[in-house]
Amino acid sequence: MNVDQLTVNTVRVLSAESIQQANSGHPGLPLGSAPMAYTLFAKHLSFNPLNPKFDNRDRFILSAGHGSMLQYSLLHIFGYDISMEDLKNFRQYGSKAAGHPEYGVAPGVEISTGPLGQGIANAVGMAIAESHLAEIFNRDGFPIVDHYTYALCGDGCLMEGIEYEAASLAGTLKLGKLIVLYDKNNITIEGDTDIAFTEDVKARHIAQGWQVLTVDDGNDMQKISDAIEKAKAEKEKPSLIIVKTVIGYGSPKAGTSAVHGSPLGEDGIKALRENLGYNYPPFTLPEEVKKLKKVYTERGEKIENAWNSLFADYKKNYPDLAEKYEYFKSGKLPDLLNEKTLFEFEKPDATRNTSYEVLNKLSDLVPNLIGGSADLAPSNKSNMKSREYYSPENRGGSNIHFGIREHAMSAICNGIAACGGLIPYCATFFAFSDYMKNAMRLSAIMNLNVTYILTHDSIGVGEDGPTHQPIEQLSGLRSIPNMKVFRPADGKETAYAWISALSGKGPTCLVLTRQNLPQYENSSENALKGAYILSESKKTVPDAILLASGSEVELAMNAQKELLNENIDVRVVSVPCMELFDKQSAEYRESVLPNSVRKRVAIEMATPDTWYKYVGLDGKVLGIDHFGESAPYKVLLEKYGFTVENVVNTVKSIL
């Protein structure tokens, strides 16, 4: 048995043993896909296991993340910091070998995958990022950004709608350095794919602008390698390599759904070893395989050293570009808080418009901003006027036409962020954030710096009706850990929201109005604390506190004036970002919402549940617990009680 075949069988057995030890996992994909994954790692993938974040490495994404033991076994064999103990503790607390590949947990894992299809869209984002950075920085003789993006997927990934969206865009954009290996085993949890998936995958991807190659034997490593070489040679189209495999290859359950997501059992492991002719002790590497660590570690160091030498020469020849490249990669920002023009607004305006002003000022200050909209830029005001559009003819453009593909758009931005060097944003109507929810959740899991521009934020969109009027979305997004949700009340709060989004860790949603709002003299940098006193009462201890976000702050301010006419003195607190306010010191939170003032009314045109933690048992929330209707928005505000009169009466009712 040659060393390539021995290593493939080691990957298979090691994966099956780890899954058996955990009594949990998916052995089917690692057993079937081991030859293609090993061929990629050994013959084509450019990486340095001693520096998994080496700038010019190729990116590998296991889109079929349930087969994670395949990746962990390869990373261990190829010299990454994944120990045999990690493999023995697969899916256990504290192990780097988590149930699905986790970004920031296991070195060599480029992005978190598991929800099927996401990884392919992430790969599209990484391929966009590579081509954009290459256009900006590469010069003749200095290809300092020059890497491929590979993804390995299964039948399930290709059934998901997000893959259709992402593949369509990838073909349109002619992402020639994107290569997807398709583990075609024709089996899912419920059985043969013929029960639900009979389309011609090859024809579809050709129609979407892809090169499609086929390998009829998933164990033929030479044919797989030849296909990868052909894919790398195609510069104008992304490539899909369809590799016909047998799920659970070598096991007694091979070719059946029973091997997809259940351990083989001790008898199954024994039979696997016999079928593969593999006689080595459990959880050990054959000596010939052990030697690969040294081989590929040395190869990786040579690859990185060659790039470092290239970059050193690049720095001498193009010092300004080299400095810019290092700035992009550093994640640093200019001192945006001292940029006075970001906070200058003269007239009432919708926060979608003030966001547009801020974004376009930022586009001159933050050169590595990149983003776009799901075909709504004229309405959600998300394009950078001084920048060109990204296209096959202009890779240097940084406005992106995502098309009407919200789910893929969000996952693509995750890929751009994880690739490094760029700060992505994307935009759509707030109600359509539901299409993006899974990818937004992954942004938060990975703490990726992605900014979501979400406009038309309430029943204030009026005539469009309940399909376009978000009600429950604020509560849903606020419930996601690590996600900041900003709903600014004016231009200055919008500017601070943008600054927080770009300078913080993790994703941020900017929830913005279509209707005009006032500009408040007292809105301030305290917006960065999540909530602050916008208008103080005249009394040392106010009679009540009004809390609101976004457009409803205007209601609170006007109600404060009316209440004062009746000798009721209230404080108005603007709450643009609950997540930031909840992280402030107890002293600050007490200064804004003192425990001694228990009469509180919160106002927001959305489901009310997130506000009860602030108003308590003695307060009330003016919210919406039903869907909207199609009508002029001012009519809806009156019908649903979002009037100064109703705010005043609500305050009086609790005093």
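Predicted model, so just to flag it, every value in this text is computed and none were measured.

Basis of the calculations
- Residues numbered from 1 in each chain as written.
- Predicted model: local features only at pLDDT ≥ 70, side-chain atom pairs only at ≥ 80, totals over all residues.
- Heavy atoms only, no water.
- Helix = DSSP H or I, 4+ residues; strand = E, 2+ residues; numbered from the N terminus.
- Expected span 1.5 Å × (residues − 1).
- Buried < 20%, exposed > 50% of the residue type's maximum accessible area, 1.4 Å probe, protein only.
- Arc of directions from axis to C-beta.
- Contact = heavy atoms within 4.5 Å.
- Pairing = 2+ DSSP bridges.
- Right-handed = clockwise from strand over helix to strand, strands pointing away.
- Axes fitted to C-alpha atoms, helices over the stretch in contact; angles between N-to-C directions.
- Parallel < 35°, antiparallel > 145°, perpendicular 65-115°, else oblique.
- Left-handed = near helix turned anticlockwise from the far one by under 90°.
- Nonpolar A, V, L, I, M, F, W, Y, C, P; charged D, E, K, R; others polar.

Peer 1: Honestly, helix α9 (residues 221-233) in this entry has me stumped. Any pointers?
Peer 2: Structurally, the α-helix is built with 3.6 residues per turn, so residues lying three or four positions apart point the same way. Given a rise of 1.5 Å per residue, 13 residues ought to cover 18 Å, and the 18 Å separating the end C-alpha atoms of α9 matches this to within 8%. When α9 is considered as a whole, its buried residues turn out to be Met-221, Ile-224, Ser-225, Ala-227, Ile-228, Ala-231 and Lys-232. Along the axis of α9, the buried residues cluster in a sector spanning 160°; they form a single face. Exposed residues on α9 whose side chains face more than 90 degrees from its buried face are Gln-222, Lys-230 and Ala-233. Looking at the buried positions of α9, the neighbouring elements they touch are α1 (3-22), α2 (28-43), β2 (149-154), β3 (178-184), β6 (211-215) and β7 (239-244).

Peer 1: Explain helix α7 (residues 161-172) to me, please; I cannot follow it from the model alone.
Peer 2: A rise of 1.5 Å per residue sets the reference length of α7, with its 12 residues, at 16 Å; its end C-alpha atoms lie 17 Å apart and thus fit the reference within 8%. Within α7 the residues assigned to the buried category are Ile-162, Glu-163, Ala-166, Ala-167, Leu-169, Ala-170 and Gly-171. Residues of α7 that are buried sit in contact with α5 (118-137), α6 (155-159), β3, α8 (201-207), β9 (399-401) and α15 (406-419). One or two steps after α7, the chain reaches Lys-174, where phi turns positive at roughly 55°.

Peer 1: What exactly am I supposed to notice about the pairing of strand β13 (residues 508-511) here?
Peer 2: Side chains on a regular strand alternate between the two faces of the sheet. Every second residue of β13 is oriented toward a common face, with Thr-508 and Leu-510 on one face and Cys-509 and Val-511 on the other, all of them buried. Here strand β11 (residues 451-455) runs beside β13; their pairing, made up of 4 bridges, is parallel. The partner of Ile-453 across the bridge, within β13, is Leu-510. For strand β12 (residues 484-486) and β13, the ladder comprises 3 bridges, and the chain directions are parallel. Considered in β13, the bridge of Phe-486 is made with Leu-510. Each parallel crossover has a hand, and for β12 linked through helix α18 (residues 491-503) to β13 it is right-handed.

Peer 1: Where do I start with the packing of α5 against α7 in this structure?
Peer 2: Geometrically, a packed helix pair is captured by the angle between its two axes and the distance between the axes. For the pair α5 and α7, the least separation of the axes is 8 Å and the interaxial angle reads 25°. Judged by the inter-axis angle, α5 sits roughly parallel to α7. Considering how the two elements wind past one another, α5 and α7 form a crossing that is left-handed. Contacts between α5 and α7 pair Gln-118, Ile-120, Ala-121 and Val-124 from the former with Ile-162, Glu-163, Ala-166 and Ala-170 from the latter. Taken together, the residues of the contact of α5 with α7 sort by class into 6 nonpolar, 1 polar and 1 charged.

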